[in-house]
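Observations on the three-dimensional arrangement
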Amino acid sequence: MGKMRCSSISCYNFSSFSTSFALFASLYSLYFVLISANVSGFDSLIQLPTSTSLRNTTRKSETLLFVNDIGAIGDGITDDTNSFKDVWKMACNSPSRSKIVIPAGYSFLVRPINFAGPCRSKVSLRIAGTILAPKDPESWDGLNPRKWIYFLKVKHLTVEGGGIIDGMGQEWWARSCKVNRTNPCHHAPTALTFHRCNNLRVRNIKIFNSQQMHLAFTDSKHVSVSHLVVLAPADSPNTDAIHISSSTQVNIKDCTIGTGDDCISIVGNSSRIKIKNIVCGPGHGISIGSLGKSNSWSQVYNVHVNGASISNTENGVRIKTWQGGSGFVRKITFENVWMENVSNPIIIDQYYCDSTKPCSNKTSNIRIDNISFVGIKGTSATERAITIACSDSCSCRKLYVEDVQLTSFSGDPTTFFCWQAYGSTSGLNYPPPCFLCDDSILQPTVLSNWSQSI
C-alpha cells in the first residue's frame, strides 16, 4: 500500500499550529520571568486584582457594591441605615451600571430611608439577605410616617434577589384604630414605595409584615413586577400587597399574596395595567378603587386581569366608588379567575363608605362602563355571589358576562343582584344575570399591546 498523504490544507494547518504553539511557549516563558523578577523588586507588568477590588469594582461594566464592605454589620441589632445611604450615594453617582448587594446570611436593620434620583446610570439592588424595619413606631418620630424604604425619581432600577424585606408591623397593627377603635387613627409606613420612578423591575423578593401597604407605585410608569411573595396575617389592617396609584404601563405576574387587605389595589388616574397568574388569599381580593372620595375626580382605564386563583377572601374582583365623586372606570376585563370560598366573588359597589358615619347618597358619581367578566368560576361563601350596585344618577353601562359560574360553597343556591346595571351576556352563566337590556352587545375588552422598555 502507498503512504497516506495529507492534503496541502491539513499539512499547512498542522504546521501553523506548531508555529503558534512555539510562540505561545516563548511568551509564557517571558511572562514567568517577569513575574519572577517582580519578587526581586521589579514592578510587574500585570497587576492581579485583590479580593476587595473584585467586590467593589467594575466587572463587565457593572460596579458591585456590597453593603457590608461599606460598613454595614448585618446582625439585626446594629443600625445599618447610614451604610445603606452611603452605598446608594456611591451607586447613584457611578458613571457605569451599579449593583448594590445585600448578601445572604445577614439581617440589616434599617430605619426610614430615602433613595433619591435621578442617578447617572442604571442601578440594581440585589437583596439576598434580609432588611428589617425597627420594631418600635417611635423610630418614625419627626419623620414622614408613611415611608420606610422610599425610592424617588429613579429610572432604570431593578430590585431582585430572593431575599426578604420584613416590615415588623406587629406593633403598628396593635395601635391601629381599625383593630381597636379606642386608638387614635394615624398613618403607617409603606414598606417599599416607588414615587415618580420609571422603567422599574421588581422581582423575586419576599415582603413580609409591612406596617401598612407592602409595595406601592405612585406616579410611575413602565413597571414590571413578577415572582413576589407578599405575606401578612389575615387580621392585619390596611396591609395592601401591591398598590398602584397615578401610574401607567404596569405589568404584574406570577405573584403569591396573602394579607389583611387587597392583594392588588388600583386607584385614581391609573391606566394600562396587566395582571396575570396571581394567587391571592387571605385578603380582600383584586380591587379597583376606592375612587371619588371627598368629591374628588378619578379615572382608571385599560385594566386586564387574566389568570388568578382567589381563595378565602372577603372579595374576589371588585370595583368600588364613593358617592359624590366624578370621573370614570372604563375598559376593564377580569377573566380566567378561580374563586374558592370567597364572600363577594364579583362586586361593583358605587355606595362604598369606609366611615364611622353614614355616607349620604349624592347626585354625582364615577361613571362605570365597558366592564367584562369572562370565565370566572368557583364557589361563593355567601348566597349573593354577584353584586352590581350602580349609582341612582349614573348607571353602569356596557357590562358583559360570559361563562361565569359561581356556586355556593355550602351547596345552597346563589343569586345575582343588580341595581341600575345595563349589560349583555353570552355562554352559560350561573347564577342567572339580571342586567337591564343594553343598547349594544359588548364583547370582552382586550387591551391593545404596548411596549415596555424594561
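Keep in mind the model is a prediction, meaning the values are calculated, not measured.

Counted under the stated rule, the structure contains six disulfides. Disulfide pairing places C92 opposite C119 at an S-S distance of 2.1 Å. Sign of the S-S torsion, about -100° for the bond between C92 and C119, identifies this disulfide as left-handed. Of this pair, C92 sits in helix α3 (residues 81-93) while C119 sits in the loop between β6 (113-116) and β7 (123-127), placing them 27 residues apart in sequence. By the burial criterion, C92 is buried, and C119 matches it. In this model C263 forms its disulfide with C280; the gap between the sulfur atoms is 2.0 Å. The disulfide joining C263 to C280 has a torsion of about 80° about its S-S bond and is therefore right-handed. Here C263 is found in the loop between β19 (248-258) and β20 (264-266), whereas its partner C280 is found in strand β21 (residues 270-280), with 17 residues between them in sequence.

Now for the sheet that holds strand β28 (residues 384-389). In any sheet, the strands associate via hydrogen bonds between backbone groups, in a parallel or an antiparallel arrangement. Judged by pairing direction, the sheet is parallel, and its eleven strands sit side by side in the order β6-β9-β12-β15-β18-β20-β22-β24-β26-β28-β31 without closing on themselves. Strands at the two margins of the open sheet, each flanked by one partner only, are β6 and β31 (415-419). Neighbour to neighbour, the strand axes of the sheet diverge by 15° on average, direction disregarded. Pairing of strand β18 (residues 242-245) with β20 involves three bridges; the strand directions are parallel. The residue bridging I242 from the neighbouring strand is I264, located in β20. Contacts from α3 reach β6 and β9 (147-152) within the one sheet, and its direction differs from that of β6 by about 0°.

Here the focus is unusual backbone geometry. The linkage connecting G281 with the following residue, P282, adopts the cis geometry, with an omega of 0°. Residue placement: P282 occurs in the loop between β21 and β22 (286-291). Put simply, G289 and S290 share a cis peptide bond, and its omega is 15°. Positive phi values are uncommon outside glycine, yet K153 reaches one of about 55°. Tracing the sequence through the fold places K153 in the loop between β9 and β10 (155-160). Here the phi dihedral of N238 falls at roughly 60°; this positive angle occurs in a residue that is not glycine.

With that out of the way, let us pick up the confidence of the model for the protein chain. Overall, the prediction assigns the protein chain a mean pLDDT of 87, with 83% of residues at 70 or greater. Low pLDDT (under 50) marks residues 1-54, which in the prediction has ten contacts with non-local residues, meaning those over four places away or in another chain. Low pLDDT, under 50, characterises residues 445-454; the predicted model gives this stretch 34 contacts beyond four residues in sequence or across chains.

Another point: the packing of aromatic side chains. Aromatic rings considered in pairs are described by the distance between their centres and by the relative angle of their planes. Tallying each qualifying case throughout the model produces twelve aromatic pairs. Where F151 meets F194, the ring centres are 5.0 Å apart and the plane angle is 10°; that geometry is what we call stacked. Taken together, the residues span a long stretch of sequence, with F151 in strand β9 and F194 in strand β12 (residues 190-195) at a distance of 43 residues. Comparing F151 with F194 shows no difference in burial state: the two are buried. Above the plane of the ring of F328 lies R330, whose end atom (NZ or CZ) is 4.1 Å from the centre. Here the guanidinium or amino end of R397 rests over the ring plane of Y422, the centre of that ring lying 3.8 Å away.

This part is about the pairing of strand β25 (residues 326-342). Where strand β23 (residues 297-311) meets β25, 13 bridges bridge the pair, whose relative direction is parallel. For V305, the partnering residue across the bridge sits in β25 and is F334. Sheet topology note: the β25/strand β27 (residues 367-380) ladder contains eleven bridges and is parallel. By the bridge assignment for β27, F334 is matched with F373.

If you look at the biggest cluster of nonpolar residues, it comprises 96 residues, and the most contacted ones within it are F151, F194 and I242. Top contributing element to this core by residue count: β25, with six residues. Setting aside anything within four residues of it in sequence, one finds F194 in contact with F151, L157, V159, L200, V202, L215, A216, F217, T218 and S220.

Counting through the fold element by element, T313 comes out in the loop between β23 and β24 (315-321). Excluding residues that lie within four positions of it along the chain, T313 makes contacts with C280, G281, P282, G283, G285, N341, V342 and S343.

Moving on: the UniProt feature "active site" (unreviewed entry) in the protein chain. Residues annotated in UniProt with the feature "active site" (unreviewed entry) correspond here to H284. Along the chain, the position of H284 falls in the loop between β21 and β22. The class for H284 is buried, based on a relative accessible area of 19%. Once you skip the residues sitting within four places of it in the chain, H284 turns out to touch G260, D261, D262, E314, N315 and R318.

What counts, and where the lines are drawn
Chains are numbered independently. Their residues run from 1 in the order of the written sequence. With the structure being a predicted model, the display of local features is reserved for residues of pLDDT at least 70 and the display and counting of side-chain atom pairs for 80 or more, all residues being used for whole-chain, interface and lining totals. For side-chain calculations, the full set of non-hydrogen atoms in the structure is used, while hydrogens and water are omitted. Cysteine sulfur atoms that pair up within 2.5 Å are treated as a disulfide. A run of DSSP states H or I qualifies as a helix once it reaches four residues; a run of E qualifies as a strand once it reaches two. Both are numbered from the N-terminal end. Only protein chains enter the calculation, and the probe is 1.4 Å; a residue is then buried if its accessible area is under 20% of its type maximum, exposed if over 50%, and partly exposed in between. Strand pairing is assigned whenever DSSP detects at least two bridges linking the two strands. Inter-axis angles, ranging from 0 to 180 degrees, are taken between N-to-C directions of lines fitted to C-alpha atoms, where helices are fitted over the stretch in contact. Here, residues are in contact when the closest pair of their heavy atoms is within 4.5 Å. Confidence per residue, as judged by the predictor, is encoded in pLDDT with a range of 0 to 100. Note on ring pairs: Phe, Tyr and Trp rings are taken, using the six-membered ring of Trp, and paired if centres are within 6.5 Å. Classes follow the plane angle, with under 30 degrees stacked, over 60 edge-to-face and the rest tilted. Note on geometry: a ring has a charge over it if NZ (lysine) or CZ (arginine) is within 6 Å of the ring centre and within 35 degrees of the ring normal. Side-chain atoms within 4.5 Å are what join buried Ala, Val, Leu, Ile, Met, Phe, Trp, Tyr and Cys residues into a set we call a nonpolar core. UniProt positions are given in the numbering used here, feature names are shortened, and annotations may be inferred rather than shown by experiment.

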